[in-house]
Amino acid sequence: NAGVMQNPRHLVRRRGQEARLRCSPMKGHSHVYWYRQLPEEGLKFMVYLQKENIIDESGMPKERFSAEFPKEGPSILRIQQVVRGDSAAYFCASSPGAGSYTEAFFGQGTRLTVV
Amino acid sequence: DQQVKQNSPSLSVQEGRISILNCDYTNSMFDYFLWYKKYPAEGPTFLISISSIKDKNEDGRFTVFLNKSAKHLSLHIVPSQPGDSAVYFCAAVANTGNQFYFGTGTSLTVIP
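Residues numbered from 1 in each chain as written. Chains lettered and ligands numbered in written order. Predicted model: local features only at pLDDT ≥ 70, side-chain atom pairs only at ≥ 80, totals over all residues. Heavy atoms only, no water.

**Some details on the packing of aromatic side chains**
When we look at a pair of aromatic rings, we describe it by the centre distance and by the angle of the planes.
No. 1: All chains considered together, the criterion is met by twelve aromatic pairs over all chains.
No. 2: Taken together, a centroid distance of 5.2 Å and an interplanar angle of 90° make the contact between Tyr33 of chain A and Phe100 of chain B edge-to-face. One end of the pair, Tyr33 of chain A, is in strand E4 (residues 31-37); the other, Phe100 of chain B, is in strand E10 (residues 100-102), on a second chain.
No. 3: A residue is classified by how much of its surface remains accessible, and Phe100 of chain B, at 3% relative accessible area, is buried.
No. 4: Taking the centre distance of 5.5 Å and the plane angle of 75° together, the rings of Phe106 of chain A and Phe102 of chain B count as edge-to-face. Of this pair, Phe106 of chain A sits in strand E10 (residues 105-106) while Phe102 of chain B sits in strand E10, which puts the two residues in different chains. Of the two residues, Phe106 of chain A and Phe102 of chain B, neither departs from the other in class, the shared state being buried. (Phe/Tyr/Trp six-rings, centres within 6.5 Å; stacked < 30°, edge-to-face > 60°. Helix = DSSP H or I, 4+ residues; strand = E, 2+ residues; numbered from the N terminus. Buried < 20%, exposed > 50% of the residue type's maximum accessible area, 1.4 Å probe, protein only.)

Below is the structure:
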């Protein structure tokens, strides 16, 4: 049973380019969470999604950031027109869903560097 | 607003001694609490959890204590080992939803 898979592990983008980060949840998990860790900071919640639905995006910057979790395929975190301040580690986690006391499982993260 | 807080950004402990990591929360709807451990360049890994119907859960060297009236939980590691050096995050989940709220982390260094 594969864990949460994130790719790429490392991503370098020039200012103004787009970054696409992918997350495949664990098998059977229908809930996905994205977190960002800036240098020297903790995990900051960005968005919580279920299949085809955004449940809570209160942690997402208002502009340039979007996320989706389609019926088929991985969850995508998309950052348009990247700036240096977007450089961070982005972690995805998944959980089975409502009604169960269980932990969220994390991927290895994608380290985005904007040059 | 940070609903889960870890007020100590770092902690150093001698090998063999007890490490105590603290976490406070503000939302009384939280009913499930977790601790994660994170090494550099890796994703957080689950360590131990506790539901609000308990006040203690133990797993080997790791024990989590929950004080609901104080909205406080702590992780005890006894005895501490150098391999325990990592960043520890506490997290909480509310019974009304499934969002995991994380603290900002405490960096533990166990000195050999």
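**With respect to the interface of chain A and chain B**
No. 1: Facing 22 residues of chain A, the contacting portion of chain B comprises 17 residues.
No. 2: Between chain A and chain B, roughly 1700 Å² of surface is buried when both sides are summed, and carbon and sulfur atoms account for 57% of that area.
No. 3: Across the contact surface, chain A and chain B share zero salt bridges.
No. 4: Linking chain A to chain B there are four residue pairs in polar contact (both at pLDDT 80 or more).
No. 5: The set of elements that each furnish at least two residues to the side of chain A that touches chain B consists of E4, strand E5 (43-50) and strand E9 (88-95) of chain A.
No. 6: Broken down by element, the side of chain A that touches chain B gets its largest block of residues, four residues, from E4 of chain A.
No. 7: Classifying every residue of the side of chain A that touches chain B by side-chain character gives ten nonpolar, eight polar and four charged. (Contact = heavy atoms within 4.5 Å. Buried area = accessible area lost by both parts, 1.4 Å probe. Salt bridge = Lys/Arg side-chain N within 4 Å of Asp/Glu carboxyl O. Polar contact = N/O pair within 3.5 Å; in protein donor to acceptor, adjacent residues only side chain to side chain. Nonpolar A, V, L, I, M, F, W, Y, C, P; charged D, E, K, R; others polar.)

**Concerning the pairing of strand E8 (residues 72-77) of chain B**
Residues and elements named next belong to chain B.
No. 1: Of all six residues that make up E8, five are buried, and the element is covered over most of its length.
No. 2: With six bridges connecting them, strand E3 (residues 19-25) and E8 associate as antiparallel partners. The residue bridging Asp24 from the neighbouring strand is His72, located in E8.
No. 3: In this structure, strand E7 (residues 62-67) lies alongside E8, joined through six bridges in antiparallel fashion. Following the sheet pairing, Phe65 is matched in E8 by Ser74.
No. 4: Connecting E7 to the antiparallel partner E8 that follows it, the hairpin turn spans four residues, and Lys71 within it adopts a positive phi of roughly 55°. (Pairing = 2+ DSSP bridges.)

**What about the sheet that holds strand E3 (residues 19-24) of chain A?**
Residues and elements named next belong to chain A.
No. 1: The sheet built from four strands is open, its strands ordered E1-E3-E8-E7 with antiparallel pairing. In this open sheet, the two strands that pair with only one neighbour each are strand E1 (5-7) and strand E7 (65-68). Averaged over all neighbouring strand pairs, the angle between strand axes comes to 15°, with direction disregarded.
No. 2: Two elements, E7 and strand E8 (residues 75-79), share four bridges in a ladder whose sense is antiparallel. Within the sheet, the bridge partner assigned to Glu68 lies in E8 and is Ile76. (Axes fitted to C-alpha atoms, helices over the stretch in contact; angles between N-to-C directions.)

**What about the pairing of E9 of chain A?**
All names here are of chain A.
No. 1: Buried residues dominate E9, accounting for eight of its eight residues.
No. 2: Of the two faces of E9, the one carrying Ala88, Tyr90, Cys92 and Ser94 and the one carrying Ala89, Phe91, Ala93 and Ser95 are both buried.
No. 3: Direction of pairing for E4 relative to E9: antiparallel, over a ladder of seven bridges. Each bridged residue has a counterpart across the sheet, and for His31 the counterpart in E9 is Ser95.
No. 4: Here three bridges tie E9 to strand E11 (residues 110-114), and the two strands are oriented antiparallel to one another. By the bridge assignment for E11, Ala88 is matched with Leu112.
No. 5: By the bridge criterion, two bridges tie E9 to E10 in an arrangement that is antiparallel. In the strand pairing of E10, Ser94 is matched with Phe105.

Nothing here speaks to function; it is geometry throughout.
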